[in-house]
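# Structural description and commentary
Here is what each chain is made of, one letter per residue.
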Number of protein chains: 2
Amino acid sequence: MKSPTRLADLITALRTLPGIGPKSAQRMAYHLLQRDRKGAAKLGAAIDRALTELMHCELCNDFSETPICPVCASNERDTSQLAVVEMPTDLLMMEHTQNYHGLYFVLMGRLSPLDGIGPREIHLDRLIQRASNGVVQEVILATNFTMEGEATAHAITELLHARGIAVSRIARGIPVGGELEHIDSGTLAQALTDRRRYDSK
Amino acid sequence: MKSPTRLADLITALRTLPGIGPKSAQRMAYHLLQRDRKGAAKLGAAIDRALTELMHCELCNDFSETPICPVCASNERDTSQLAVVEMPTDLLMMEHTQNYHGLYFVLMGRLSPLDGIGPREIHLDRLIQRASNGVVQEVILATNFTMEGEATAHAITELLHARGIAVSRIARGIPVGGELEHIDSGTLAQALTDRRRYDSK
Ligand SMILES: [Zn+2]
Ligand SMILES: [Zn+2]
């Protein structure tokens, strides 16, 4: 006595989702079949369409529905600046600041040797090529300030410096509205080190 | 500047899964598109096939690929006993005991008025009809010993008793291998109340 094949297949397939174990997959399968068949049909269709219609922008590597994404295709961007971010969401966060008008390169990950994610998996060869086009004057590293994000920034810096390309890193410090009392000491130490001198008038 | 439509659609669709918020849905979408496209294709196909090929057994209401499921179609089951369980997994657990040879009725839920799940949603009309076929001699309530499972058992008992059908409830007590020290007091109290007298020889 076991589950019908189609049910077992669905449960197995749901387990390919990150962070979903056997119990969750089972609960999801019941939910889809029992309580939300419309949602299930939409999910199936959304997966199929995403797989067939989404590609990576040839220039910035972000997800795109066209070979060159709208940002890269725009003629209102500062082509001398190239910001390197880990994920598409990070690019969206940068855009939300409305304070950056350059172009992007999306790594689609960060160096993580233990997970088998090396320079090749985050497309560093394409980044180097992109940054070496003679137009880009500065590569701005906007990877996360996690251990992996920092290691990634470091590796990219070495590669770009070897090719004489200017590299900068977004600043680390106290968040706007942050109270020293609630900031971890590492961040505070960095904020001290990176302090900006106010010129006397 | 926003995500490509197909990506946004996929993230929205993933949020129909129970317990999946916007951040998880985003992470899942990236994973499927970036790291496991084969798994994504399988998931899409599994959803479609489950939706089209799975139905509910006309007799026991379990998921089935045929109008009557293999358990109900078997002629090796005791047709005088009908166990009522909440979910298909509970049926599988009962089967694993190899100690039950009757038939089943799967509610596909439990009474939960706050979630809009009433007698109709758990198919109590079909259960009554099924139990009233003149062959079933005993309905064994094997719903969970949660508040909702108990309320469901209580409601079914009332309905069946009104029709003169015998009802029993699986026993509550100390699990096999359970140590009193680690059992909650409610369970221990119930185990005391439900104690079985050993007949003197
Ligand atoms: Zn692009
Ligand atoms: Zn059946």
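The name an unreviewed UniProt entry assigns to chain A is Recombination protein RecR, from the organism Sulfuriferula nivalis. The record in UniProt for chain A states the following under Function (unreviewed entry): "May play a role in DNA repair. It seems to be involved in an RecBC-independent recombinational process of DNA repair. It may act with RecF and RecO."

With 56 residues of chain A at the interface, the matching set in chain B holds 56 residues. Buried surface at the junction of chain A and chain B, both sides included, amounts to about 5100 Å², of which 69% is carbon and sulfur. Inspection of the region where chain A meets chain B yields two salt bridges. Among the salt bridges present, the one from Arg6 of chain B reaches Glu53 of chain A, with a minimum N-O distance of 2.5 Å. Taken together, the connections running from chain A to chain B amount to 16 residue pairs in polar contact (both at pLDDT 80 or more). Of all the elements in the fold, those that place two or more residues in the side of chain A that touches chain B are helix H1 (5-14), helix H2 (22-35), helix H3 (37-53), strand E2 (63-64) and helix H5 (88-96) of chain A. Among the residues forming the side of chain A that touches chain B, the class breakdown is 29 nonpolar, 13 polar and 14 charged.

A low pLDDT score tells you not to read the predicted coordinates there in detail. All names here are of chain A. This prediction gives chain A a mean pLDDT of 90; 97% of its residues lie at or above 70. No element of chain A has a lower mean pLDDT than helix H8 (residues 185-193), which averages 76, and none a higher one than helix H6 (residues 124-131), which averages 97. In the predicted complex, the global pTM is 0.76; the interface-specific ipTM is 0.76.

So, about the sheet that holds strand E5 (residues 138-141) of chain B. All names here are of chain B. With parallel pairing, the four strands of this open sheet are ordered in space as E4-E3-E5-E6. Each having just a single partner strand, strand E4 (102-106) and strand E6 (166-169) make up the two edges of the open sheet. Strand-to-strand twist of the sheet, defined as the mean angle between neighbouring strand axes without regard to direction, takes the value 30°. Sitting on the sheet, helix H5 (residues 88-96) is in contact with strand E3 (78-85) and E4, with an inclination near 160° to E4.

We now examine the pairing of strand E4 (residues 102-106) of chain A. Residues and elements named next belong to chain A. Summarising burial for E4: five of the five residues are buried, a large majority. Looking at chain direction, strand E3 (residues 78-85) and E4 are connected through five bridges and run parallel. Directly across from Val85, in E4, lies its bridge partner Val106. Considered for its hand, the β-α-β crossover made up of E3, H5 and E4 is right-handed.

So, about the domain arrangement of chain A. Split into domains, chain A comes out as domain 1 (5-53) and domain 2 (69-169). Taking only C-alpha atoms, the centre of domain 1 of chain A and the centre of domain 2 of chain A are 34 Å apart.

It is worth spelling out the coordination of the zinc ion (ligand 1) at this point. Residues and elements named next belong to chain A. Looking at the zinc ion (ligand 1), the protein donor atoms are Cys57 (SG), Cys60 (SG), Cys69 (SG) and Cys72 (SG), and they sit 2.2 to 2.4 Å from it. The sequence motif formed by the donor residues of the zinc ion (ligand 1) is C-x2-C-x8-C-x2-C. Like Cys69, Cys60 is buried.

Analysis parameters
Residues numbered from 1 in each chain as written. Chains lettered and ligands numbered in written order. Predicted model: local features only at pLDDT ≥ 70, side-chain atom pairs only at ≥ 80, totals over all residues. Heavy atoms only, no water. UniProt positions renumbered as here; feature names shortened; annotations may be inferred. Contact = heavy atoms within 4.5 Å. Buried area = accessible area lost by both parts, 1.4 Å probe. Salt bridge = Lys/Arg side-chain N within 4 Å of Asp/Glu carboxyl O. Polar contact = N/O pair within 3.5 Å; in protein donor to acceptor, adjacent residues only side chain to side chain. Helix = DSSP H or I, 4+ residues; strand = E, 2+ residues; numbered from the N terminus. Nonpolar A, V, L, I, M, F, W, Y, C, P; charged D, E, K, R; others polar. pLDDT = per-residue confidence, 0-100. Pairing = 2+ DSSP bridges. Axes fitted to C-alpha atoms, helices over the stretch in contact; angles between N-to-C directions. Buried < 20%, exposed > 50% of the residue type's maximum accessible area, 1.4 Å probe, protein only. Right-handed = clockwise from strand over helix to strand, strands pointing away. Domains from an automatic or database assignment. Donors = N, O, S within 2.8 Å, 3.2 Å for Na, K, Ca; no water.

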